[in-house]
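# Observations on chain architecture
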Amino acid sequence: MTCRRAGKLRFCLLALCAWLASGRRPRSKRNLLIVTGALLYACFVVLQGDVLPRERLDRAAGERHSQPGRLPASTLPTRGREPYNFTSNPKVVYITLRSKRRKPVKIRGTVRPKTRKKHSAVQENAAALMVSRDSLAPSGGKPRGNPSSPSRGAAAERARSSGDAASSNIRIYSDSAPFWFSQGDIAAMRFLADSSIGRLQRLVLPGRRPLLLFQGAGNQQRPPKANEVKAGRTSSCRAPCGLLKTPGDTSEVFAFHLDRILGLNRSLPAVVRRIQSVQDGLPRPVILWDDSLSITSNDTQSTVKLNWTSYQQSLKWKCWVHGKVPKPDWNCTDIHHYEWCKLALFDFLLQVYNRLDRNCCGFRPRKEDTCARNGWKMNCDNQDNISLVHIIYREDDHRHLVFIDNKGYFDRNEDNLNFKVLEGITEFPESAVSVLKNGHLRERLLQSLFLDKLYWESQGGRRGIEKLIDVIEKRAMIFLTYINAHGYKVLPMNE
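All figures in this text were calculated on a predicted structure; none of them were measured in a lab.

### Topic: the overall build of the protein
In terms of helices and strands, the protein carries 15 helices and 10 strands. The buried share of the protein, taken over its 495 residues, is 45%. For the protein, restricting intrachain contacts to residue pairs at least 6 apart in sequence, the fraction spanning at least 24 positions comes to 68%.

What follows is the structure, encoded as structure tokens:
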């Protein structure tokens, strides 16, 4: 209905209502019927939509937005000579619906670059690993010189991942790796996980079980060191090599990631790898071989030979703290006092007893433990006969320890934890304690362990990894309660 017709209808209704309201009309049943019929007709007209107020038009327009497929026929545009959206009734609103074309959603980590030749990527990783070993700090974590800018690091990571991202067992889908890993760590992990094996070498050292080394195919050989030539010996592996361990030592991979997250940077890079040419082909940990480690004592596999009494005496004097030169009667070694603080915290969280409590004097061992099989627990009454094991440093750095054989135990009950590894330690590293306190330990462990694809799968995926993290978190809470109850200090130890 047009606007002129609607106006006439309103005028007639108003005139009829005015006539009925005046006193000039005779009051009869006929007039009452006329009034009732007029009101019914007016209601019918309103319900039919011929006369609509402005508010109902706005409400109808909103409903058309929500239901685009149910437009009334009266609002369809005409197809005459007039334009498509033109009408003579200014109160009629037309809604034009256009389908907006959307770009496909990019899920982070799913879009991978095209693969290149794999041998070039392996050679680049091996070269980067050899360069990084010269630039790493003695702890194996941070570079000695000025660190590279984040933009250069991200560009290098993207260039490195473009060659072997599709086939690598190290999953780094973002622009850069987690910040607790150095570039040398990433290069070492890629080498251990992805490099082709050139040859296997069986290495027999005095006082140790035979070791199995593998060397990557096509890796560059480094020249022998000056001290090796002077001593008349050469390294067993002058190229980046990996040390193969048994499938039961898989917890060393978890220990490596925990070491980097806590900011200790004392353990060697480790990944899980499946090698078909070795026995059953089960996933087993592979540790980066470091020929600079100095091992002189064969029975304890250590650089420095210490028993429990001399070790506790050196802790009281806090050797080499703030540049203090120890006296000869203090029985101090070349190792800095802060190294023992880091080692004790690390061993308590993982319940590693082989280093500081070889005879299992601080807990109840199981029958399958080495100390129980060899009967070493009987020697706990005499502390002088208990020797520390795996106390190792590098030949060119006698101040810092290197953590090796970090086999942790996750099935140790909370009422059977070994607190003996914390005995004599009254100071702990601030960087590690802050990670345990701020509640980010679980998030960082999940993000870090996800990088190692085979380790993630060998532990049962996220459900299995969560169970391991639950154990570490409970021990972290017990450790924090322990240091708070004794009032021990938390100090920055980034000397």
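### Things to note about the nonpolar core
Within soluble globular proteins, side chains that are nonpolar generally end up buried alongside one another. With 93 residues, the main nonpolar core has F254, W340, L350, L436 and F479 as its most contacted residues. Ignoring any residue separated from it by four or fewer positions in sequence, one finds F254 in contact with L350, F410, L445, L449, Y455, L468, I469 and I472. Listed in part, the 5 residues of the second largest apolar core include C360, F363, C371 and Y409.

### Some points on the sheet that holds strand β6 (residues 293-294)
In space, the 3 strands of this open sheet follow the order β6-β7-β8, with antiparallel pairing throughout. Of all the strands in the sheet, the pair left with one neighbour each is β6 and β8 (397-401).

### Remarks on the pairing of strand β2 (residues 211-216)
When you tally the buried positions in β2, you get 5 out of 6 residues, the bulk of the element. As paired elements, strand β1 (residues 197-203) and β2 share 6 bridges and run antiparallel to each other. Residue pairing for β2: Q201 is matched across the bridge by L213. Here β2 runs beside strand β3 (residues 241-244); their pairing, made up of 4 bridges, is antiparallel. Residue pairing for β3: L212 is matched across the bridge by L244.

### A few points about the side chain of K342
With respect to the helices and strands, the residue K342 is situated in helix α10 (residues 337-350). No salt bridge is formed by the buried K342, whose closest oppositely charged neighbour, E339, lies at an N-O distance of 4.1 Å. For K342, the contacting residues outside a window of four places in its chain are L264, R266, F403, P429 and M493.

### Looking at the side chain of N416
Along the chain, N416 turns up in the loop between β8 and β9 (427-429). When residues no more than four places from it in sequence are discounted, the contact partners of N416 are Q351, F363 and R364.

### Topic: the environment of D470
Examined against the element boundaries, D470 turns out to sit in helix α15 (residues 461-486). Judged by its relative accessible area of 32%, D470 is partly exposed. Measuring from C-alpha to C-alpha, the distance between D470 and F410 comes to 9.6 Å, with 60 residues separating the pair along the chain. In this structure the side chain of D470 is engaged in a polar contact, spanning 2.3 Å, whose partner is the side chain of R442.

### Some details on the confidence of the model for the protein
In this model, the protein carries an average pLDDT of 76, and 64% of its residues clear a pLDDT of 70 or more. Below pLDDT 50 for its whole length, residues 91-97 participates in 14 contacts with residues either more than four positions away or in separate chains. Considering only residues more than four positions removed or in separate chains, one finds that residues 229-234, a stretch of pLDDT under 50, has 4 contacts.

### As for the pattern of salt bridges
Taken as a whole, this structure holds 18 salt bridges when the rule is applied. Its salt-bridge partner being D290, residue R394 comes within 3.0 Å of it at the nearest N-O pair. Note that R394 is positioned in strand β7 (residues 393-394) and D290 in the loop between β5 (283-288) and β6, a separation of 104 residues in sequence. Each of the two residues, R394 as well as D290, counts as buried. The residue D347 makes a salt bridge to R355 at a minimum N-O spacing of 2.7 Å. Note on accessibility: D347 and R355 belong to one class, buried. Bridged by salt links that share partners, the residues R442, R462, E466, D470 and E473 form one connected network.

### Considerations on the sheet that holds β2
Taken together, 5 strands build an open sheet; the order of strands is β1-β2-β3-β5-β4 and the sheet is antiparallel. Taken across any chain shown, the strands that pair with only one partner, and hence form the sheet edges, are β1 and β4 (270-274). Each strand of the sheet is rotated relative to its neighbour by a mean of 35 degrees, with strand direction disregarded.

Conventions used here
- Residues numbered from 1 in each chain as written.
- Predicted model: local features only at pLDDT ≥ 70, side-chain atom pairs only at ≥ 80, totals over all residues.
- Heavy atoms only, no water.
- Helix = DSSP H or I, 4+ residues; strand = E, 2+ residues; numbered from the N terminus.
- Buried < 20%, exposed > 50% of the residue type's maximum accessible area, 1.4 Å probe, protein only.
- Contact = heavy atoms within 4.5 Å.
- Core = buried A, V, L, I, M, F, W, Y, C linked by side-chain atoms within 4.5 Å.
- Pairing = 2+ DSSP bridges.
- Lys, Arg positive; Asp, Glu negative; His and termini not counted.
- Salt bridge = Lys/Arg side-chain N within 4 Å of Asp/Glu carboxyl O.
- Polar contact = N/O pair within 3.5 Å; in protein donor to acceptor, adjacent residues only side chain to side chain.
- pLDDT = per-residue confidence, 0-100.
- Axes fitted to C-alpha atoms, helices over the stretch in contact; angles between N-to-C directions.

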